[in-house]
Amino acid sequence: MTKQPIISPVLFVRDLSAVFPDGNGGLHALGTVTFSVCPREFVCVLGPSGSGKSTLLRILAGLLPPTTGSVAYEGNQQPRIGFVFQQANLMPWRTVLENITLPLEMENTPADTARQKAREMVELVGLEGFEASLPRDLSGGMAQRVALARALVHDPDLLLLDEPFGSLDALTRERMWTELSRIWQARQKTVIMVTHSISEALFLADRVLVFTARPGKIKLDLLVDLPRPRSDEVRYTAHFGKLARRLKEAIE
């Protein structure tokens, strides 16, 4: 029997908490949270509104300081972060291609190189033919594809997704699950994604962390042992239903 290689984590979150001043002893947004993430792992964070899920992402991105605890990346290096929010937040006066090149421009990447990398991202997210389009001419799903391409164009070590499909209609959202799964299979990035959807979490993730109500703590760390690549049919299997029930019971 072949021995499976041991994969060491690349991200370590230890005793993390966040308390925001509110004049009444502080608002405890995030309880004490500890977990680690392996390279190329797709982790979803699931839980009730106000449980500190988005706060966790902002701390991981370096946008908020934690009240206690620490976040460490492999070798104590500063990872390159890609972040996609619930709203695409595209610059309305820039074309699709120009929105995607923005992170590279901020890194002073030569213009020809930036455009070439942006075109590769356009192809990856399936927006060929829309390179010169402005955000006003895009559907919600297309705009989120641009946001995802922009987050990936500088080859991040860690991709953070904060309910990127939360504002989309149900059919578009389900199509985007398939697209994101395809893109992840192609690029194999380490991903942490916040969601309110049990089905979304199970369709996309290798693991699901279930948070308690505020202050959010990890109530369940569930391995999603569904085969990859995943097609829409997996959502109608008995095992998918069993995993969904475990998540639902943990949230309730």
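Scroll up to find the structure this text is about.
The rules we used
- Residues numbered from 1 in each chain as written.
- Predicted model: local features only at pLDDT ≥ 70, side-chain atom pairs only at ≥ 80, totals over all residues.
- Heavy atoms only, no water.
- Helix = DSSP H or I, 4+ residues; strand = E, 2+ residues; numbered from the N terminus.
- Rg over C-alpha atoms; globule rule 2.2 N^0.38 Å.
- Buried < 20%, exposed > 50% of the residue type's maximum accessible area, 1.4 Å probe, protein only.
- Contact = heavy atoms within 4.5 Å.
- Areas by Shrake-Rupley, 256 points an atom, 1.4 Å probe, with all protein chains shown as cover.
- Lys, Arg positive; Asp, Glu negative; His and termini not counted.
- Charge placed at Lys NZ, Arg CZ, Asp CG, Glu CD.
- 1 Å grid on protein atoms, 1.4 Å probe; cavity = no way out; pocket = protein on both sides within 12 Å on 5 of 7 lines; lining within 4 Å.
- Points joined across faces, edges and corners; volume = space filled by probe spheres on them.
- Core = buried A, V, L, I, M, F, W, Y, C linked by side-chain atoms within 4.5 Å.
- Pairing = 2+ DSSP bridges.
- Axes fitted to C-alpha atoms, helices over the stretch in contact; angles between N-to-C directions.
- Nonpolar A, V, L, I, M, F, W, Y, C, P; charged D, E, K, R; others polar.

A. Fine view of the overall build of the chain. Looking only at helices and strands, the chain has seven helices and nine strands in total. Taking 18 Å as the expected radius of gyration for a compact globule of 252 residues, we find that the chain reaches 19 Å, a close match to that expectation. With the C-alpha coordinates of the chain rotated into their principal frame, the extents come out at 50 × 45 × 40 Å. Out of the 252 residues belonging to the chain, those deemed buried represent 50%. Long-range contacts, defined here as pairs at least 24 residues apart, represent 71% of the contacts in the chain between residues at least 6 apart. For the chain, the accessible area works out to roughly 12,600 Å², and carbon and sulfur atoms hold 52% of it. Of the charged side chains in the chain, 29 are positive and 28 negative, and the gap between their average positions amounts to 4 Å.

B. Inspection of the layout of surface pockets at higher detail. Of the voids in this model, the largest pocket is the one considered here, and its volume is about 300 Å³. In this structure, the largest pocket is lined by Ile81, Gly82, Phe83, Leu102, Pro103, Met106, Glu107, Arg150, Ala151 and His154. Contributing elements (two or more residues each) for the lining of the largest pocket: strand 5 (81-84), helix 2 (96-106) and helix 4 (140-152).

C. Geometry of the nonpolar core. Judged by nonpolar contacts, the single largest core of 56 residues is most densely connected at Phe42, Ile100, Leu161, Met193, Val208 and Leu247. Other than its neighbours up to four places away in sequence, Met193 contacts Phe42, Val43, Cys44, Val45, Leu161, Pro164, Phe165, Leu180, Glu200 and Leu204. The next biggest cluster of nonpolar side chains, apart from the first, holds 24 residues, and it includes Leu11, Phe35, Leu57 and Leu158.

D. Here's a closer look at the sheet that holds strand 5. If you trace the six strands from one edge of the open sheet to the other, you get 5-6-7-3-8-9, paired in mixed fashion. Of all the strands in the sheet, just strand 5 and strand 9 (218-223) have a single pairing partner and so form its edges. Ignoring strand direction, the axes of neighbouring strands in this sheet form an average angle of 15°. Where helix 5 (residues 170-187) meets the sheet, its contacts fall on strand 3 (42-46), strand 6 (158-162) and strand 7 (190-195), and the angle it forms with strand 7 comes to roughly 165°.

E. Main features of the environment of Val194. Summarising the element assignment, Val194 is placed in strand 7. Sequence separation between Val194 and Phe85 is 109 residues, and the spatial gap between their C-alpha atoms is 9.8 Å. With residues near it in sequence (within four places) discarded, Val194 still touches Val45, Lys53, Ser54, Leu57, Leu161, Asp162, Glu163 and Pro164.

F. Here's a closer look at empty space enclosed by the protein. Tallying each qualifying case throughout the model produces one cavity of 30 Å³ or more. Approximately 60 Å³ is the volume found for the largest cavity. Lining the largest cavity are Phe42, Leu148, Leu152, Leu159, Leu161, Leu180, Ile183, Trp184, Arg187, Gln188, Lys189 and Val191. Those elements that place two or more of their residues in the lining of the largest cavity are helix 4, strand 6 and helix 5. When residues in the lining of the largest cavity are grouped by element, the largest group, four residues, is from helix 5. Among the residues forming the lining of the largest cavity, the class breakdown is nine nonpolar, one polar and two charged.

G. Expanded view of the pairing of strand 3. Within strand 3, five of the five residues are buried, which leaves the element mostly enclosed by the surrounding structure. Both faces of strand 3 are covered, namely the face carrying Phe42, Cys44 and Leu46 and the face carrying Val43 and Val45. Summarising the sheet, strand 3 and strand 7 pair through five bridges and their orientation is parallel. Its bridge partner being in strand 7, Val43 is matched across the sheet by Ile192.

H. Expanded view of the environment of Val153. Within the element layout of this structure, Val153 appears in the loop between helix 4 and strand 6. Sequence-wise, Val153 and Leu104 are 49 residues apart; in three dimensions their C-alpha atoms are separated by 7.5 Å. If we skip the residues at most four places from it in the chain, Val153 touches Ile100, Pro103, Leu104, Lys117, Ala118 and Met121.

I. Examining helix 2 more closely. Most of helix 2 sits inside the fold, with eight of its 11 residues counted as buried. Residues of helix 2 that are buried: Val96, Leu97, Asn99, Ile100, Thr101, Leu102, Pro103 and Leu104. Where helix 2 is buried, its residues touch helix 3 (111-124) and helix 4. Two residues or fewer after helix 2 comes Asn108, characterised by a positive phi angle close to 60°.

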